[in-house]
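# Chain and residue survey
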Amino acid sequence: MLLDRAFGRLIRHGTLTVRYPDGQTRIFGSGEPRAGMHIATRRALRGLTFNPALALGEGYMADEIRPEGCGLFALLDLLVHNMMAGGTHPAERLMEWVRLLRRRIDQLNPAGRARRNVAHHYDLNGRLYALFLDRDRQYSCAYFPTGRESLEEAQAAKKRHVAAKLLLDRPGLEVLDIGCGWGGLALTLARDHGARVTGITLSEEQLAVARQRAEEAGLADRVTFELMDYRAWTRPMDRVVSIGMFEHVGIDHYRRFFATIRGALREDGVALVHAIGRSDGPGSTNPWLAKYIFPGGYSPALSEVLPAIEKAGLWLTDLEVLRQHYAETITHWRARFAGNRDAIAALTDERFCRMFEFYLAGAELSFRHMGHMVWQAQLARRQDAVPLTRDYMHRAAHAAA
């Protein structure tokens, strides 16, 4: 059987026990750690043979691939460890090559397509995200200064970290928030730092929530939210911030994105872009993730980002890489999702819950073991737009805390 041969080449460390649709069981590898899976249908068997990166998630969603003797996370953890240790699946190597060839086509992201892609993931039932995110609905990497923070504390620390890098050194600064989510950062910058913020988003669901939050907080005179593509922005601002949105821009549009930031900055302005990246060079998006979670999404290597920054005529005034912070963030999200699974199933259905469980488990492992990380790039039009050393960031963050 072809899949037997593929598992034999993949599993080099630990033990994988596989039960096939006909009831036969095969054991691959030896020793710890151990995990098992039941391939319940011939359709799932064919998928794992010829397109495993897509079929594994689809099979789990359909309950045709089931962890056996372990949980989903343990099964994925074993598979990921073996992939990173050099284990291979011949069909996956071929499919990865195909994905690399067509990634520019897959990531073409004009305004209309960008709006549809955003709606796919963010225009879901608003209660869903409230059931596993923090109270402020920060749907991006938190910041764990000690590693012992609660999710709420770590997300508050992230916002302080971002605000410090924006150099909000006087009240009344105008800030553009590209991809503002449910408005939490914009409201924080206005309430705690005296900024006047305009948030833009392509999600109608997020827009409605953000506007309601601004009204309830008494900040509607200082924070506004608009349904707008970043490419439509033309007004100069003192500061520009973008958190967790760059992954949706598409590699064909990086130069346009950073040119837009440059055009949106006043001469002494400062920008901060916070995004997911990969440490091992250019690659492609997992096909299951692209189909079911983030269509058009891609986490770039810095080697793909920095040339676009240079060509836009921007100074890279600071660059920080956050390594395990997102893994810790998703650990909290997974636990909250599991604790509220019944309520989430009532909002959606069992297939959706399985899809999201697979997404969160895979995402955490990508940050723990597969070279994914978060980078924060501080940008300016002039090299003297920020102080000579990073001390001001630490002072501002500590003062805000």
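That block above? That's the structure.
Everything in this summary refers to the structure shown in the same document. (Residues numbered from 1 in each chain as written. Predicted model: local features only at pLDDT ≥ 70, side-chain atom pairs only at ≥ 80, totals over all residues. Heavy atoms only, no water.)

## Observations concerning the sheet that holds strand β6 (residues 196–201)
The seven strands lie next to each other as β7-β6-β5-β8-β9-β11-β10, forming an open sheet whose pairing is mixed. The outermost strands of the open sheet, each flanked by one partner alone, are β7 (223–227) and β10 (315–322). Adjacent strand axes in the sheet meet at a mean angle of 15 degrees when their direction is disregarded. Examined bridge by bridge, strand β8 (residues 237–243) and strand β9 (residues 265–278) share six bridges and lie parallel to one another. By the bridge assignment, V241 is partnered in β9 with L272. Its contacts with the sheet place helix α8 (residues 151–165) against β8, β9, β10 and β11 (372–380), and it is angled at close to 30 degrees to β11. Packed on one face of the sheet, helix α10 (residues 204–216) meets β6 and β7 and runs near 165 degrees to β7. (Pairing = 2+ DSSP bridges. Helix = DSSP H or I, 4+ residues; strand = E, 2+ residues; numbered from the N terminus. Axes fitted to C-alpha atoms, helices over the stretch in contact; angles between N-to-C directions. Contact = heavy atoms within 4.5 Å.)

## Remarks on the packing of aromatic side chains
With the rule as written, the count across this model stands at 25 aromatic pairs. Taking 6.2 Å as the distance between ring centres and 45 degrees as the angle between the ring planes, the aromatic pair formed by Y139 and W182 counts as tilted. Here W182 lies in the loop between β5 (174–178) and α9 (184–193) and Y139 lies in the loop between α7 (126–130) and α8, a separation of 43 residues in the sequence. With a relative accessible area of 13%, Y139 lands in the buried category. (Phe/Tyr/Trp six-rings, centres within 6.5 Å; stacked < 30°, edge-to-face > 60°. Buried < 20%, exposed > 50% of the residue type's maximum accessible area, 1.4 Å probe, protein only.)

## Observations concerning the environment of A345
You can see A345 is positioned in helix α15 (residues 341–347). Put simply, A345 and L128 are 217 residues apart on the chain and 9.5 Å apart in space, counted from C-alpha to C-alpha.

## Section: helix α11 (residues 254–264)
At 3.6 residues per turn, the α-helix brings residues three or four places apart onto the same side. Every buried residue belonging to α11 is among Y254, F257, F258, T260, I261 and A264, and all of these are buried. When α11 is viewed along its axis, its buried side chains cluster within an angular range of 150 degrees and face the same direction. Here the buried face of α11 lies against β5, β8, β9, α13 (302–311) and β11. (Arc of directions from axis to C-beta.)

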